[in-house]
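What follows is the residue order along each chain.
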Amino acid sequence: MKPVIALVGRPNVGKSTLFNRLTKSRDAIVADFAGLTRDRHYGDGRLGDREFIVIDTGGFEPDSSTGIVKEMAKQTKQAVAEADAVIFVVDIRLGLSAHDSDIARYLRSVNKRVHLAVNKAEGMSESPLMNEFHELGMGDPHPISSAHGQGIRSLLDAVLEPF
Ligand code: GDP
Ligand code: MG
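Residues numbered from 1 in each chain as written. Chains lettered and ligands numbered in written order. Predicted model: local features only at pLDDT ≥ 70, side-chain atom pairs only at ≥ 80, totals over all residues.

Named according to an unreviewed UniProt entry, the chain is GTPase Der originating from Pelomonas dachongensis.

What follows covers the pairing of strand β2 (residues 41-47). With 7 bridges connecting them, β2 and strand β3 (residues 50-56) associate as antiparallel partners. Opposite G45, over in β3, you have F52 as the bridge partner. Where β2 folds back onto β3 in an antiparallel hairpin, the turn is made up of 2 residues, including G48, whose phi is positive at roughly 60°. (Pairing = 2+ DSSP bridges. Helix = DSSP H or I, 4+ residues; strand = E, 2+ residues; numbered from the N terminus.)

What follows concerns the sheet that holds strand β6 (residues 142-143). One open sheet holds the 6 strands; their spatial order is β2-β3-β1-β4-β5-β6, and the pairing between them is mixed. Strands with a single pairing partner mark the edges of an open sheet, and in this sheet they are β2 and β6. Here 2 bridges tie strand β5 (residues 113-119) to β6, and the two strands are oriented parallel to one another. Pairing of A117 across the sheet is with H142, part of β6. Of the strands in this sheet, β1 (4-8), β4 (85-91) and β5 are in contact with helix α3 (residues 98-109), which crosses β4 at around 170°. (Contact = placed C-beta atoms within 7 Å. Axes fitted to C-alpha atoms, helices over the stretch in contact; angles between N-to-C directions.)

So this is what it looks like as structure tokens:
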């Protein structure tokens, strides 16, 4: 069985860009609009001879209770339930937000392996801004740039290591 990896995080952090990078596809819609990818979206990924399945998700608004946003949270929770591992994506340029902390709390409540990816970190992997993400209590943050393909292999090595 291929391991299933869910990409989770608030809108606009770069989940779909990471999905495209991992699956080498243009399938997920990458947009400058927050939360455009509203459905779960599956793709095949490969690292060397290791294969895996990636699930892209829309946004995640765990405390919201209406309409599309609630549907997005539901889709994301279903993706997490299906996954063997989660990549929790945050954005170094926006910094840590209360929303990220809400997602971290949710992810701690489910019994899944979670890896924290700090995206948009091109040229910033040594930045002191990385440190604040330790507060999420999700272990060492992995600096990545989904757009530029940096840090992806090291992240995937960690994610796929148990499988
Ligand atoms: P999603 O809502 O989490 O799926 O985010 P998207 O993948 O749609 O990306 C949101 C925005 O962030 C787009 O404008 C992307 O081009 C941009 N973006 C994604 N990854 C990176 C990155 O590694 N570096 C930078 N600078 N921008 C990125
Ligand atoms: Mg998206």
